Amino acid sequence: MKPIYFDHAATTSVDKRVFEAMKEFFHISYGNASSLHTFGRKARTGMDKSREIIANMINAKDSEIYFTSSGTESDNLAVKGIAYAYRDKGEHIITSMVEHHAVLNTCEFLESNGFKVTYLPVNKYGMVDPSDVKKSINKKTILVSIMHANNEVGTINDISEIGKITRENEILFHSDAVQTFGKLPIDVKGIGVDLLTISGHKIYGPKGVGALYVRRGIKIQPLLHGGSHERNKRAGTENIPGIVGLGKAAEIRAEEMGSEFKYLSELEDYFRTNLYETIDNIKFNGHPEEKLPGYLNMSFSGIEGESLLLSLDLEGIAVATGSACSSGSSEPSHVLEAMGLSPETVQSSIRISLGKQNTREDIDYALSVFPKVIKRLKELSSVSF
Ligand SMILES: *Cc1c(COP(=O)(O)O)cnc(C)c1O
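It should be emphasised that the depicted structure is a prediction, and the values quoted were computed from it without experimental measurement.

In this section: the sheet that holds strand β10 (residues 295-300). The antiparallel open sheet is built from three strands, whose spatial order is β9-β10-β12. Where the open sheet ends on each side, the last strands, each with one partner, are β9 (282-285) and β12 (349-353). Taking the axes of each pair of neighbouring strands and ignoring which way they run, one obtains an average angle of 30° across the sheet. Seen against the sheet, helix α9 (residues 240-278) touches β9, β10 and β12 and runs at an angle of roughly 15° to β10.

Relative to the elements of secondary structure, Asn297 occurs in strand β10. Its relative accessible area of 2% is what places Asn297 among the buried residues. A distance of 2.9 Å separates a polar atom in the side chain of Asn297 from the backbone oxygen of Glu152. Beyond its immediate chain neighbours, meaning those up to four positions away, Asn297 contacts Glu152, Val153, Lys283, Phe284, Asn285, Leu336, Ser349, Ile350 and Arg351.

This part takes up empty space enclosed by the protein. Here the structure, examined in full by the defined rule, presents one cavity of 30 Å³ or more. By volume, the largest cavity amounts to about 160 Å³. Ranked by residue count, the leading element in the lining of the largest cavity is α9, at five residues. Its residues placed into classes, the lining of the largest cavity shows 10 nonpolar, three polar and four charged.

What follows is about the sheet that holds strand β3 (residues 92-96). Read across the open sheet, the seven strands follow the order β2-β8-β7-β6-β5-β3-β4; overall the sheet is mixed. Of all strands in the sheet, those with a lone pairing partner are β2 (65-68) and β4 (116-120), marking the two edges. Averaged over all neighbouring strand pairs, the angle between strand axes comes to 20°, with direction disregarded. Bridge analysis of strand β5 (residues 141-145) against strand β6 (residues 172-176) gives three bridges, and the strand direction is parallel. Residue pairing in the sheet places Val144 in a bridge with Phe173 of β6. Strand contacts of helix α6 (residues 159-168): β5 and β6, with the helix running at about 160° to β6, the strand carrying the most contacts.

With that settled, consider the environment of Leu110. Along the chain, the position of Leu110 falls in helix α4 (residues 101-111). Separated by 44 residues in sequence, Leu110 and Gly154 have C-alpha atoms that sit 27 Å apart. With sequence-adjacent residues up to four places away left out, Leu110 is seen in contact with Val79, Lys80, Ala83, Tyr84, Ile93 and Phe115.

Before going further, it helps to examine the domain arrangement of the protein. According to the domain assignment, the protein contains domain 1 (4-11 + 257-384) and domain 2 (16-252). Facing the 30 residues of domain 1 at the interface are 32 residues of domain 2. When residues of domain 1 are sorted by the area they lose upon contact with domain 2, Met257, Leu292 and His334 head the list and together hold 23% of the total. Taken together, the links from domain 1 to domain 2 amount to zero salt bridges. Summed over the shared surface of domain 1 and domain 2, the number is 13 residue pairs in polar contact (both at pLDDT 80 or more). Put simply, the parts of the chain that give the side of domain 1 that touches domain 2 at least two residues each are α9, β10, α11 (324-327) and α12 (334-338). Sort the elements by how many residues they give to the side of domain 1 that touches domain 2 and α12 lands first, with four residues. Here the residues of the side of domain 1 that touches domain 2 sort into 12 nonpolar, 13 polar and five charged.

With that out of the way, let us pick up α9. The terminal C-alpha atoms of α9 lie 49 Å apart, and with 39 residues this falls more than 12% below the ideal 57 Å at 1.5 Å per residue. You can read the cap of α9 off the contacts: a side-chain oxygen lies 3.0 Å from the backbone nitrogen of Gly242, and it is on Asn239.

Glancing now at the pairing of β5. Within β5, five of the five residues are buried, which leaves it mostly tucked inside the rest of the structure. Pairing between β3 and β5: three bridges, direction parallel. Residue pairing for β5: His92 is matched across the bridge by Thr141. Traced from β5 through α6 to β6, the parallel crossover comes out right-handed.

This next bit is on the pairing of β2. Here β2 shows two buried faces, one formed by Ile65 and Phe67 and the other by Tyr66 and Thr68. Two elements, β2 and strand β8 (residues 210-214), share four bridges in a ladder whose sense is antiparallel. Considered in β8, the bridge of Ile65 is made with Tyr213.

For the rest of this paragraph, the subject is the site of the ligand. Taken together, 13 residues are adjacent to the ligand, and Thr72, Asp176, Gln179, Ser199 and Lys202 come closest. In the environment of the ligand, an oxygen atom lies 2.6 Å from a nitrogen or oxygen atom belonging to the side chain of Thr72. At 2.7 Å from an oxygen atom of the ligand is found a side-chain nitrogen or oxygen belonging to Gln179. Across the complex, the protein chains shield 90% of the 380 Å² of accessible surface that the ligand would expose by itself.

Basis of the calculations
Residues numbered from 1 in each chain as written. Predicted model: local features only at pLDDT ≥ 70, side-chain atom pairs only at ≥ 80, totals over all residues. Heavy atoms only, no water. Pairing = 2+ DSSP bridges. Helix = DSSP H or I, 4+ residues; strand = E, 2+ residues; numbered from the N terminus. Axes fitted to C-alpha atoms, helices over the stretch in contact; angles between N-to-C directions. Contact = heavy atoms within 4.5 Å. Buried < 20%, exposed > 50% of the residue type's maximum accessible area, 1.4 Å probe, protein only. Polar contact = N/O pair within 3.5 Å; in protein donor to acceptor, adjacent residues only side chain to side chain. 1 Å grid on protein atoms, 1.4 Å probe; cavity = no way out; pocket = protein on both sides within 12 Å on 5 of 7 lines; lining within 4 Å. Points joined across faces, edges and corners; volume = space filled by probe spheres on them. Nonpolar A, V, L, I, M, F, W, Y, C, P; charged D, E, K, R; others polar. Domains from an automatic or database assignment. Buried area = accessible area lost by both parts, 1.4 Å probe. Salt bridge = Lys/Arg side-chain N within 4 Å of Asp/Glu carboxyl O. Expected span 1.5 Å × (residues − 1). Right-handed = clockwise from strand over helix to strand, strands pointing away. Near = heavy atom within 4 Å. Areas by Shrake-Rupley, 256 points an atom, 1.4 Å probe, with all protein chains shown as cover.

Structure, rendered in structure tokens:
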């Protein structure tokens, strides 16, 4: 049986149409986009087209999109870039306890360099209360960075409401939209977001490419110094195949996001209902409604999430514990901790994130494997105690 991939929040396979679109830029139009000859101009045209697609999708101007090497780099560029460009105005940043480590660890780095950071708590569903943002603002606040949707539980934040607050207080607002770009419609002007992070490989595009929207007129301190690429904001010869792939992936998402939302919601409902009926003491984490479809974060009492992951893998089913970045180090999930789950419950959690290639048959197979694996793990743990 073909292995089943249930880890789309960690990464996705490259869509065949994306791969096809990229090929030309490896071995035919391989010029340096800064070169004035035909090879260079072809590369630039490919890049410009991607910029236009992405800008249109979020209601931005082409000149407000900067390509980077990843969602991680975009988060770093947004948070450090604003911190250092606006340090004379203040040194206070507001973020949340459930951000991706690309934001959290950047904020910790800034703290070690004299900045003050407020890490807002979340409710039991993993959601930031916009009124907490309001209460935390002081005269020194320069930036609010709150993610659009969380990568571990799929909970969607009310970023329009947060945008309203930051706008009223004339504070810059960055949102990490890696999990939502191409899955939910985003209108940066409507939301009132000033900087927005995008990544390619979570939306059936290639790894190692991302983008940052920066509203016109906003200063950012570059992270990389060198040539004048990306209007002096991001030096380094552009990854044209990757950028073309990101643009193509975005274009496909724009067409398919509506139907995929519905498809994944149905698959998720089917999976959830059946798991709930067949497994005792299962607990689902995350918001019941304000969430991305296809995310099932769940805790199984008395079972180690990591043992469950490994047992499922032996049965050909790929799932995750916590976030992909922290699972290697087996750190407990900071997201589930912030949601108030007990340490035992956090340890007993796994995340399933469905994607467009998953079928009803995949889920039926998983539903046949889960009770078996859980029963075995329960027996093992009762022996060891
Ligand atoms: C995956 C992810 C990132 C990091 O993006 P990369 O392109 O893998 O560096 C940042 N934020 C969120 C919410 C993510 O899910």
